Amino acid sequence: MSFSQKLAGKYIVSQKRHSVFTILSITAAVLFITVILILFASFWDTMKNANRERFPWHATIYNISAEEAEILRSSEFVAEVEYITFQSTSGEMQSDTNVLFTPDIHDPATLIRNLLCTPEMEMNGEPPPAFLINQQLLDFELIGIKAKANFVTVFSVLYIFIFIFIICARFIIDTAFEISSKEREMQFGILASLGASRKQIVRIILWEGIILSLVAIPTGILLGTGISYIIFDSVISTDILLSFLEVERTAAVFSAPFVYMAAAAVTALIWVMLSAYGTGMRFAKKPPVEVIRRSGEKIDKVKKSRILGKLGGIVGTLASRNVRRNKKRFVITVVSITLSFALTVIMTSVIDYTDDVVKYYQDSDEYISPRYHYLAEYRPNGNADKSIFDMKFTLEDMKKGYELLEASGCMVQMNSFLSCRVDNNDLALHSEIADYYEAQGFAELDIKYYNEDYYNYIFSGEPPVPYSELRGGNYVVCNNSEYSDCLPGECVVDYKTDGSFSGTFTRYVTEDTLRPDDDAELIEHFSDETGRKFYWVSGEIKGNIVANGTRLNGGSDAYTGIELIGCEEDFFDIAKEDSRNLCYGEYYMILNEAQLRDVERTDRAVNEYVSGLEDVVIWMDNVDMLINTQRFNRAFTVLSVAIIILITVIALINEVNIISTGILNRRREIASLRALGMTKGQLTGMTLIECGSYSVISAIATLLICEPLALFINTKFVTGQEAGAPQFSYSTPVFAVLLILIPIFVAGVAATFASLSGFGKNSISEEMRAIE
Amino acid sequence: MDILRTEDLTKVYGKGENEVRALDGVSFTVPEGQMTAIIGPSGSGKSTLLHLIGGVDKPTSGKVFVNGEDVYKQSDKNLAVFRRRHVGLIYQFYNLIPILNVKDNITLPTLMDGRKPDETRLVQLAEKLGIADRLNALPSQLSGGQQQRVSICRALFSNPSLLLADEPTGNLDSKNSREIIELLRMSNKEFRQTMLIITHDEDIALQCDRIIAIEDGRIIRDEVMK
């Protein structure tokens, strides 16, 4: 055993506290690198697997002959071919040829064309066979030049993250070595004065690093793998795969490839060696006497903070100067804390932003209509597959469906409305709408009949008149679209002085539902593609407008801008007279707030309930999109929080390391201050201000970074949306920044007290003598 | 009037077989304005004695009275105040605070006391000690001799009852050593400053009013020269 190895071993055993601290630091560094690499590998393999489950072939070529399929099979770049023939609905024989390529293929599309397009075909002007490339699967299996190029792009982005983590890991290891070595700086000086060469001193620290790494690296890899699994499992359990790839969570693969673990170990070992070498060289380069006397710290320029000086007196001045006495240390600490702050701010902002966007679109009728979460239809007597025009509904049918769906627990509204023509003379409309109507020669309004719950719901519980007052042909006039230029109060500037109106409602029906009293000759009609004729039938409607209202969340997407709202009982009265023309059998189903909080469970329950009803189908499910968005949000939140925690832990470790080193390096100076009359309270105050300064400076730096960043994101990605859409903002998570400030400050304080604890045990002269 | 009195001052380091008696029942008094040299071989207990008098160490037994007040009966906080106001310490390696400039280093005890430094006194002292033009410099920009002058200036600035110097010329060349001793003598005469100086240098000791020789933690000779 060499002199260096022997001494390294002795230092490790004799300086247990520092050895444990260095092991912890290396472990943390390895852990961070392992987590990011394993998460990358796991998500990559999961995407690969999920894509395979969705469609396990690289390409499908349509309608080629068996001989052509054989040509494909014989290619060295094709691993497997599946040839399927089937009869189309029109009776023709067709084929699908599914292909798996070998990993060394260059461009699948070119290969297919080269193999299947003969010169004769080209000469005859025959088109090449149609085919579909499953690029996603190729991408994740890294097959083809395009996939490899895509991988380089993805990995470049990932590498930015890896780079940040690796740099942070370097800070941690470097500081750990500096701390453990600084305390025996004098011993290195003595060794040097006794004739130890630079190499020998560096080797001592290098051997220490290697020995400690033997414990730290496997521990870091094991812990990193465990933590990666927890993060991965949490993300997958949000059912994000189901939402976006339509595969079950069983498709998820937790992947911890040996090569990635080895990469983490090697990276950490290189960092350990570099840190050990750097630390060793720093000591070895100094003249031994300087190291023995500890007179190495040369300060030529120190910035001071006037604010701290004014607020904290001499203690504040000392603290502000201490913070900036070592530029490198100051920058490392501030950068690592700022990085963690900024990442937290950005990620919480993104989470908040996506939440806002989801809410925004939930509240608008453009994407997830607030009018209904499900649109259901009641089609009794085995008519589920028939067109709505082929159905014969009665009012009783309509009410039956209503009762059935009401039992689902959702608020249900029958889609009962009349499209009503009103003579221009009967209603004086908003000028813009009036112009439009004039061009058509008539005014067409939607007249809707709501039940009490829905009526209150659209006016957010504050209807312009109580529902009971609508009974008897009374109507509220209001906007029917949030996006209408027409303001609700202006919709109808004046109507007939007595408030009454009358109109003709129309509806088209099939020929077989025409009644003898329908004047078919005079009714307009049209035919569908099968030749069936549809006829307009009409009826009379009269009523009174009793109030103006503003529905908050939009209405139908009709262009008219206004609608009249009446009560359901009136509709039943009208429908009794001519249910053929009025009853659609459609129902809006709306979830309440409590159900929306646990929307996945509610959705399952509603779908389960409806699937048990023979005559009811849900044919439009807006909740799926809501659930998918929420799952994405949850997955994103889990991943973001995990990254935030990791980055914050890195910042904390660095801060603790640096504060501890700062104090331990200044033992003699602190003893001098105490000898000059500094009280323990002043000493604690000084070091606490130092900790606070790091946190406050980092918080300010974060704000300075995030303000332009938010502006940039808004300008680049958010603007261009319609007015009223949420903006990306970092202002909401200021509270989160304050929350992080607390652990950062507390960690700094803990490090301070831990480092100062030794000072209380010794007298001032012992403290000074111990160093000297 | 006696400024300093020690009674049976004892300091023991370690326990059992490792026990070292650095000071062993040292008792003496120092009258106001006296310049006393403490001499003795390395490890004799000189620095320990000085540190105990200066309130930067704690005796195993015995008492130290400065201006009639029992130094070690005070609370930690009051002991710190005692160091600021009643003691001026000069070390061999100066112990200046590297992040503060000369002016801040000198006025540091006063600033820590929450008082406003007397600018006139600062300028007068700095001029007498020959560092008036270096007040804005950082310690690293000064020579060893200049740093020790700053250290003396700091010790004298708050006009302490006692000035304690631990081998103040130990780290200096002969020219600087002579100048520093001159300065100490000048402040002793001009400000009637009571001083205890630890030194190995016989010439310096001979310039003092009194010489106390210590060996194995005990006073073996106490001689008043003037």
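Cut-offs and rules
- Residues numbered from 1 in each chain as written.
- Chains lettered and ligands numbered in written order.
- Predicted model: local features only at pLDDT ≥ 70, side-chain atom pairs only at ≥ 80, totals over all residues.
- Heavy atoms only, no water.
- 1 Å grid on protein atoms, 1.4 Å probe; cavity = no way out; pocket = protein on both sides within 12 Å on 5 of 7 lines; lining within 4 Å.
- Points joined across faces, edges and corners; volume = space filled by probe spheres on them.
- Helix = DSSP H or I, 4+ residues; strand = E, 2+ residues; numbered from the N terminus.
- Nonpolar A, V, L, I, M, F, W, Y, C, P; charged D, E, K, R; others polar.
- Contact = heavy atoms within 4.5 Å.
- Buried area = accessible area lost by both parts, 1.4 Å probe.
- Salt bridge = Lys/Arg side-chain N within 4 Å of Asp/Glu carboxyl O.
- Polar contact = N/O pair within 3.5 Å; in protein donor to acceptor, adjacent residues only side chain to side chain.
- Buried < 20%, exposed > 50% of the residue type's maximum accessible area, 1.4 Å probe, protein only.
- Pairing = 2+ DSSP bridges.
- Axes fitted to C-alpha atoms, helices over the stretch in contact; angles between N-to-C directions.
- pLDDT = per-residue confidence, 0-100.
- Phe/Tyr/Trp six-rings, centres within 6.5 Å; stacked < 30°, edge-to-face > 60°.
- Lys NZ or Arg CZ within 6 Å of the ring centre and 35° of its normal.

Novice: Let's hear about the layout of surface pockets: which residues, and what values?
Specialist: Residue and element names in this part refer to chain A. As a volume, the second largest pocket reaches approximately 1400 Å³. In terms of lining residues, the second largest pocket is bounded by 41 residues, among which F40, F43, V154, L158 and L639 are the most central. When contributions to the lining of the second largest pocket are tallied by element, the ones reaching two or more residues are helix 2 (16-54), helix 6 (135-141), helix 7 (145-182), helix 9 (198-236), helix 10 (240-245), helix 14 (327-363) and helix 22 (623-665). For the lining of the second largest pocket, the element with the most residues is helix 7, which contributes 10 residues. Residue composition of the lining of the second largest pocket, by class: 37 nonpolar, 3 polar and 1 charged.

Novice: Residues and numbers for the interface of chain B and chain A, please.
Specialist: The interface is formed by 30 residues belonging to chain B together with 30 residues belonging to chain A. Carbon and sulfur atoms supply 60% of the area buried between chain B and chain A, which totals about 2700 Å² over both sides. At the junction of chain B with chain A, the criterion picks out 2 salt bridges. The salt bridge partner of R321 of chain A is D104 of chain B, with a shortest N-O separation of 3.4 Å. Joining chain B to chain A, the criterion identifies 8 residue pairs in polar contact (both at pLDDT 80 or more).

Novice: Give me the lowdown on unusual backbone geometry, citing residues and values where you can.
Specialist: Residue and element names in this part refer to chain B. One non-glycine residue, N95, lies in the positive phi region at around 50°. Examined against the element boundaries, N95 turns out to sit in the loop between strand 6 (87-90) and helix 3 (102-112). The exposure class assigned to N95 is buried, which follows from its relative accessible area of 3%.

Novice: Any chance you could break down the side chain of T22 of chain A for me, citing the residues and the numbers?
Specialist: Residue and element names in this part refer to chain A. Within the secondary structure, T22 is located in helix 2. Residue class for T22 comes out buried when judged on its relative accessible area of 2%. The contacts of T22, once residues within four sequence positions are left out, are A176, F177, S180 and L212.

Novice: Requested: an account of the sheet that holds strand 3 (residues 35-39) of chain B, with residues and values cited.
Specialist: Residues and elements named next belong to chain B. Read from one edge of the open sheet, 6 strands run 6-7-8-3-9-10, paired in mixed fashion. Since the sheet does not close on itself, it has two edges, and those belong to strand 6 and strand 10 (218-224), each with one partner. Pairwise comparison of adjacent strand axes, ignoring direction, gives a mean angle of 15° for this sheet. Strand direction decides the pairing type here: strand 3 and strand 9 (residues 210-215), joined by 4 bridges, are parallel.

Novice: Residue-level account of the confidence of the model for chain A, with values.
Specialist: All names here are of chain A. Mean pLDDT over chain A: 77, with 77% of residues reaching 70 or higher. At the level of individual helices and strands, chain A shows its lowest average pLDDT in helix 18 (residues 488-491), which scores 40, and its highest in strand 1 (residues 59-62), which scores 91. Segment residues 482-496: pLDDT under 50, and 37 contacts once partners within four positions in sequence are set aside and those in other chains are kept. Below a pLDDT of 50 lies the segment residues 553-560, which in the model reaches 25 contacts outside its immediate sequence neighbourhood of four places, other chains included.

Novice: Would you mind going over the packing of aromatic side chains in detail, with residue names and values included?
Specialist: Residue and element names in this part refer to chain A. Under the counting rule described, the total for this entry stands at 16 aromatic pairs over all chains. With a centroid separation of 4.9 Å and 65° between ring planes, the pair formed by W44 and F140 is classed as edge-to-face. Taken as a pair, W44 in helix 2 and F140 in helix 6 lie far apart in primary sequence, 96 residues in all. Looking at W44, the relative accessible area reads 12%, which means it is buried. For the pair Y454 and Y457, a centre-to-centre distance of 5.7 Å together with 35° between the ring planes defines the contact as tilted. With a gap of 3 residues between them, Y454 and Y457 both fall in helix 17 (residues 452-458), about one helical turn apart. Relative accessible area serves as the criterion here: at 0%, Y454 is assigned to the buried category. Accessibility expressed as a relative area gives 29% for Y457, which makes it partly exposed. Cluster of aromatic residues (ring-pair linked, three or more members): F40, W44, F140, F151 and Y260. Of note, K399 hangs over the ring of F572, and the distance from its end group to the ring centre comes to 4.1 Å.

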